[in-house]
Amino acid sequence: MLDNMCAKAYNSLREWEWKEYKKRKRLRLKNENFTVIASNCSGMFMYYDMGLRYLTPTVNLSIEMNDFVKMVRNLKWYMEQEMTEAQEPGYKCPVGILGDIRICFIHYASFEEGARKWEERKRRINWDKLLIIGSEKDGCTYETIREFDKLPYENKVIFTHVEYPEFSSACYIKGFEDKEELGVITFFKKQIVKRRYLDGFDYVKFINEMR
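Residues numbered from 1 in each chain as written. Predicted model: local features only at pLDDT ≥ 70, side-chain atom pairs only at ≥ 80, totals over all residues. Heavy atoms only, no water.

## As for the overall build of the chain
Phase 1 of the analysis: Along the backbone of the chain there are seven helices and seven strands.
Phase 2 of the analysis: Along its sequence from the N terminus, the chain presents helices and strands in the succession α-β-α-α-α-β-β-β-α-β-α-β-β-α.
Phase 3 of the analysis: Scaling as 2.2 N^0.38, a compact globule of 211 residues should have a C-alpha radius of gyration of about 17 Å, and the chain matches this with 18 Å.
Phase 4 of the analysis: Taken along the three principal axes of its C-alpha coordinates, the chain extends 60 × 40 × 35 Å.
Phase 5 of the analysis: The buried share of the chain, taken over its 211 residues, is 51%.
Phase 6 of the analysis: A sequence separation of at least 24 residues applies to 57% of the contacts in the chain between residues at least 6 apart.
Phase 7 of the analysis: Accessible surface computed for the chain: about 11,500 Å², of which carbon and sulfur atoms make up 51%. (Helix = DSSP H or I, 4+ residues; strand = E, 2+ residues; numbered from the N terminus. Rg over C-alpha atoms; globule rule 2.2 N^0.38 Å. Buried < 20%, exposed > 50% of the residue type's maximum accessible area, 1.4 Å probe, protein only. Contact = heavy atoms within 4.5 Å. Areas by Shrake-Rupley, 256 points an atom, 1.4 Å probe, with all protein chains shown as cover.)

What follows is the structure, given as structure tokens:
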């Protein structure tokens, strides 16, 4: 009985601290009208944790990293293309084709729902304040990171599982050094205070300093 009471008290305190942590981050945020174009859900959680409206179509989806680099290299053209449904069998989630890019709608019940949300949210893009976010996973190689680093965007970051000091856009996220690639950084760490791996990157500071 006592153990259960202690566990409930601990969990309540942990959740309270997590909410206060996010409040403090939210108070630091000076720039709210920005668009994150991300290869997976890491960008979405920046909006979610700060309680902001999604000003991006890259929500609840995943794009293979080499496709992602190709897409953002010519972003405006791809945003003008019609999303069609992939016809190849064998996918575990709905998949759309944007030009020659595959979009995996991993958190949507159907292609129609994913495509509708994509069209709705892409109209919100703030082209004057873009933040491009990649991740060292989903087919990402050293050459992919190199190509990402050369993309013509001032505000870009690629999360990596080890340090790459030769690339200015690389941001090392601790906790995946013994893996072959970056893990899921939107998961919570196994520690006393509640934090996502993503919180190892001060994205509030990065967003506030966007040019």
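## Considerations on the pairing of strand 1 (residues 35–38)
The side chains of a regular strand alternate between both faces of the sheet.
Phase 1 of the analysis: Where burial is concerned, the two faces of strand 1 agree: the one with Thr35 and Ile37 and the one with Val36 and Ala38 are both buried.
Phase 2 of the analysis: Across four bridges, strand 1 lies against strand 5 (residues 130–135) in parallel orientation. For valine 36, the partnering residue across the bridge sits in strand 5 and is leucine 131. (Pairing = 2+ DSSP bridges.)

## Focus: the nonpolar core
Phase 1 of the analysis: In this structure, Met71 and Phe159 are the most contacted members of the largest nonpolar core, which totals 61 residues.
Phase 2 of the analysis: Other than its neighbours up to four places away in sequence, methionine 71 contacts Ile37, Ile63, Tyr78, Met79, Leu98, Ile101 and Trp118. (Core = buried A, V, L, I, M, F, W, Y, C linked by side-chain atoms within 4.5 Å.)

## Quick look at the packing of aromatic side chains
Phase 1 of the analysis: Going through the model one piece at a time under the given rule, you end up with 14 aromatic pairs.
Phase 2 of the analysis: Over the ring of phenylalanine 188 we find lysine 194, and its NZ or CZ is 4.7 Å from the ring centre.
Phase 3 of the analysis: If you follow arginine 195 out to its NZ or CZ, it ends over the ring of tyrosine 21, 3.6 Å from the centre. (Phe/Tyr/Trp six-rings, centres within 6.5 Å; stacked < 30°, edge-to-face > 60°. Lys NZ or Arg CZ within 6 Å of the ring centre and 35° of its normal.)

## Points about the sheet that holds strand 3 (residues 95–98)
Phase 1 of the analysis: Judged by pairing direction, the sheet is antiparallel, and its three strands sit side by side in the order 2-3-4 without closing on themselves. In this open sheet, the two edge strands, each paired with only one partner strand, are strand 2 (83–85) and strand 4 (101–104). With strand direction ignored, the average angle separating the axes of adjacent strands in the sheet is 35°.
Phase 2 of the analysis: Sheet topology places strand 2 next to strand 3; three bridges connect them, and they run antiparallel. Paired with threonine 84 across the bridge in strand 3 is isoleucine 97.
Phase 3 of the analysis: In the packing of helix 5 (residues 111–122) onto the sheet, contacts are made with strand 2, strand 3 and strand 4, and the angle to strand 2 comes to roughly 175°. (Axes fitted to C-alpha atoms, helices over the stretch in contact; angles between N-to-C directions.)

From the geometry alone we can't say anything about function, so treat these as descriptive.
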